[in-house]
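Geometric and topological summary
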Amino acid sequence: MATVTIDKVRKAYGAVEVLHGVSADIADGEFVVLVGPSGCGKSTLLRMIAGLEDITGGTIGIGGRVVNNLPPKERDISMVFQNYALYPHMTVAENMAFSLTLAGASREEKQKRVAHAAQILGLTDLLGRYPRQLSGGQRQRVAMGRSIVRNPQVFLFDEPLSNLDAKLRVAMRAEIKGLHRRLATTTIYVTHDQVEAMTMADRIVVMNGGHIEQIGRPLELYDNPHSTFVAAFIGSPAMNLLNGCFDTAGGQPVFKTNDGIVLPLPGNAPKLVGVEGVYGIRPEYFTFSPANVGIPARVVVVEPLGSETHITATVGGQTIVTVFHDRLDIEPEETIWLQPRTERICLFDAGGRRLTGKAAERNLEHS
Ligand SMILES: Nc1ncnc2c1ncn2[C@@H]1O[C@H](COP(=O)(O)OP(=O)(O)OP(=O)(O)O)[C@@H](O)[C@H]1O
Ligand SMILES: [Mg+2]
């Protein structure tokens, strides 16, 4: 097991820089998920940790040792890819033992390690089979078994579940988490699926365009996004983000949408008159209010999902989504009146950066 330190790491392909100086400290035994949209640099960063890509700038350390110039096999890491090609002519046991065979391990050693990994992964009865005789999930487990037998200091996963169907993905998610609980090996897991990130990570690193937007525990990011990017990326349906400007009404701070609809703010919100910003509120933080009280929203779509009902509606010209844990007798074209839970509102400046308290007010006064 080991810590992984990523310090001001940059990557350029020729003249094009794709990672612009990213830093993250990963604790020993931690399960960290790198998440972000396609092309943001997740795989590039992971491959640099693995030693499969040169490091243009900065340093990467594993277990306190700078590995910038170490070849992959000396880094004591093991990587599972999205396309985990198994050798079709080898049995499960042979596939799992392959790296040990290359390393010249003895027969007994190989048997012992493969048996141990197979037991952890529930593959003991399948060791004599060939890959073509396995389901997708079983093949994925064999690919993980190949990593486990090497007993690495760090596991690296690059979208290992994206080739599986939705149901299997959910099952494998739980298996990988369970595996991590048993082995407690430092793990860095890349995905573009925020649900995978939320459900698996001790901490999430949200990446955007070669930068790190925010690092935090799943619910920390959910409750306290530092930017509209994180607010929109983490959580589904996404946080509602309404454009408008800050104002006051009757001495109280309020937010006026671009269409002039007045939204309430908590009493301690910054008093900024005429400053543009973004009003963020998650879909589940609305309650119904009597007609002509609160925010008028014109219903566009009602989606009954059984355990919850999603309502898409327009507030002025902007679209919001609300989630209620009830079955609702509401039709499109109706106007409903909503009250946001003001203590749950996230405010952002016009550039999408989070505004909080006094510091934000000062920032804005100077801008
Ligand atoms: N060998 C390469 N040469 C030039 N550019 C590259 C190379 N590999 C990756 N890139 C670019 O670097 C950026 C980051 O790519 P990367 O594969 O890390 O993205 P990603 O976050 O893993 O995306 P995805 O979710 O699609 O896998 C992209 O703009 C990509 O086009
Ligand atoms: Mg990738």
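What you are looking at is a predicted structure, and each value in this text was computed from that prediction instead of being measured.

1. Concerning empty space enclosed by the protein
Taken as a whole and assessed by the stated rule, the structure comprises one cavity of 30 Å³ or more. There is about 50 Å³ of room inside the largest cavity. Every residue lining the largest cavity is listed: Phe31, Phe155, Phe157, Ile176, Leu179, His180, Leu183, Thr185 and Thr187. Secondary-structure elements contributing two or more residues to the lining of the largest cavity are strand E7 (154–158) and helix H5 (166–183). Tallied by class, residues from the lining of the largest cavity come to six nonpolar, three polar and no charged.

2. Some thoughts on the layout of surface pockets
Its boundaries defined by the atoms lining it, the largest pocket holds a volume of some 590 Å³. Taken together, 22 residues line the largest pocket, and the ones lying closest to its centre are Ser78, Met79, Ser99, Arg146 and Arg150. At the level of elements, strand E6 (77–80), helix H2 (92–102) and helix H4 (136–148) are the ones that each hand at least two residues to the lining of the largest pocket. Considering each element in turn, the lining of the largest pocket owes the most residues, four residues, to E6. Class assignment for the residues of the lining of the largest pocket results in 14 nonpolar, four polar and four charged. Considering only enclosed or pocket space, the second largest pocket measures out at about 180 Å³ in volume. As for the second largest pocket, its lining consists of 13 residues, of which Pro266, Asn268, Ile345, Leu347 and Leu355 are closest to the centre.

3. Notes on unusual backbone geometry
The linkage connecting Ser236 with the following residue, Pro237, adopts the cis geometry, with an omega of -5°. Here Pro237 shows up in the loop between helix H8 (228–233) and strand E11 (240–249). Of note, the phi angle at Asn151 is positive, near 45°, even though the residue is not glycine. When you line up the elements, Asn151 lands in the loop between H4 and E7.

4. Some thoughts on the UniProt feature "domain: ABC transporter" (unreviewed entry) in the protein
Within this numbering scheme, the UniProt entry marks residues 4–234 as carrying the feature "domain: ABC transporter" (unreviewed entry). Helix makes up 37% of residues 4–234 and strand 26%, whereas the separation of the span's terminal C-alpha atoms amounts to 24 Å.

5. Re the environment of Val4
Here Val4 shows up in strand E1 (residues 4–13). Note: C-alpha distance between Val4 and Ser38 (34 residues apart in sequence) is 24 Å. When residues no more than four places from it in sequence are discounted, the contact partners of Val4 are Ala24, Asp25, Ile26, Ile49, Gly61, Val154, Thr186 and Ile188.

6. Things to note about the environment of Leu52
Structurally, Leu52 can be placed in the loop between helix H1 (42–50) and strand E4 (57–62). Residue Leu52 is classed as partly exposed on the basis of its relative accessible area of 40%. Note: C-alpha distance between Leu52 and Lys8 (44 residues apart in sequence) is 18 Å. Not counting chain neighbours up to four residues away, the residues in contact with Leu52 comprise Arg47, Pro72, Met79 and Phe81.

7. Section: the packing of H4 against H5
Remark: H4 packs on H5, axes separated minimally by 11 Å, with the N-to-C direction vectors making an angle of 25°. What the angle tells us is that H4 and H5 run roughly parallel. As H4 packs across H5, the resulting crossing turns out to be right-handed. Along its contact with H4, which presents Gly136, Gly137, Gln140, Arg141, Met144 and Ile148, the element H5 presents Leu168, Met172, Glu175, Ile176, Leu179 and Leu183. Among the residues making up the contact of H4 with H5, the classes are represented as seven nonpolar, three polar and two charged.

8. Section: H5
The terminal C-alpha atoms of H5, which comprises 18 residues, lie 26 Å apart, in line with the 26 Å expected from a rise of 1.5 Å per residue. Every buried residue of H5 is accounted for by Met172, Arg173, Ile176, Lys177, Gly178, Leu179 and His180. In the core, the buried residues of H5 are packed alongside strand E3 (31–35), helix H3 (107–121), H4, E7, strand E8 (186–191) and helix H6 (194–200). Where H5 begins, one side-chain oxygen reaches toward the backbone nitrogen of Lys167, 3.1 Å away; that side chain belongs to Asp165.

9. A few points about the pairing of strand E10 (residues 211–216)
Bridge count between strand E9 (residues 203–208) and E10: five bridges; the pairing is antiparallel. Counted as the bridge partner of Ile204 is Gly216 from E10.

10. With respect to the site of ligand 1
Neighbouring ligand 1 are Tyr13, Val18, Pro37, Ser38, Gly39, Cys40, Gly41, Lys42, Ser43, Thr44 and Glu159. One of the side-chain N or O atoms of Lys42 is found 2.8 Å from an oxygen atom in ligand 1. At a separation of 2.8 Å, an oxygen atom of ligand 1 approaches a polar side-chain atom of Ser43. The leading source of residues in the shell around ligand 1 is H1, at three residues. Of the residues contributing to the shell around ligand 1, the split by class is four nonpolar, five polar and two charged.

11. As for the packing of aromatic side chains
Following the criterion strictly, the structure yields eight aromatic pairs and no others. With 5.8 Å between their ring centres and 35° between their planes, Phe31 and Tyr189 make a pair best called tilted. One end of the pair, Phe31, is in strand E3; the other, Tyr189, is in strand E8, and 158 residues separate them in sequence. Here Phe229 and Phe233 contribute two aromatic rings whose centre-to-centre distance is 5.8 Å and whose plane-to-plane angle is 10°, an arrangement assigned as stacked. Note that Phe229 and Phe233 are positioned in helix H8 at a spacing of four residues, about one turn of the helix.

So, how was this worked out
Residues numbered from 1 in each chain as written. Chains lettered and ligands numbered in written order. Predicted model: local features only at pLDDT ≥ 70, side-chain atom pairs only at ≥ 80, totals over all residues. Heavy atoms only, no water. 1 Å grid on protein atoms, 1.4 Å probe; cavity = no way out; pocket = protein on both sides within 12 Å on 5 of 7 lines; lining within 4 Å. Points joined across faces, edges and corners; volume = space filled by probe spheres on them. Helix = DSSP H or I, 4+ residues; strand = E, 2+ residues; numbered from the N terminus. Nonpolar A, V, L, I, M, F, W, Y, C, P; charged D, E, K, R; others polar. UniProt positions renumbered as here; feature names shortened; annotations may be inferred. Contact = heavy atoms within 4.5 Å. Buried < 20%, exposed > 50% of the residue type's maximum accessible area, 1.4 Å probe, protein only. Axes fitted to C-alpha atoms, helices over the stretch in contact; angles between N-to-C directions. Parallel < 35°, antiparallel > 145°, perpendicular 65-115°, else oblique. Left-handed = near helix turned anticlockwise from the far one by under 90°. Expected span 1.5 Å × (residues − 1). Polar contact = N/O pair within 3.5 Å; in protein donor to acceptor, adjacent residues only side chain to side chain. Pairing = 2+ DSSP bridges. Near = heavy atom within 4 Å. Phe/Tyr/Trp six-rings, centres within 6.5 Å; stacked < 30°, edge-to-face > 60°.

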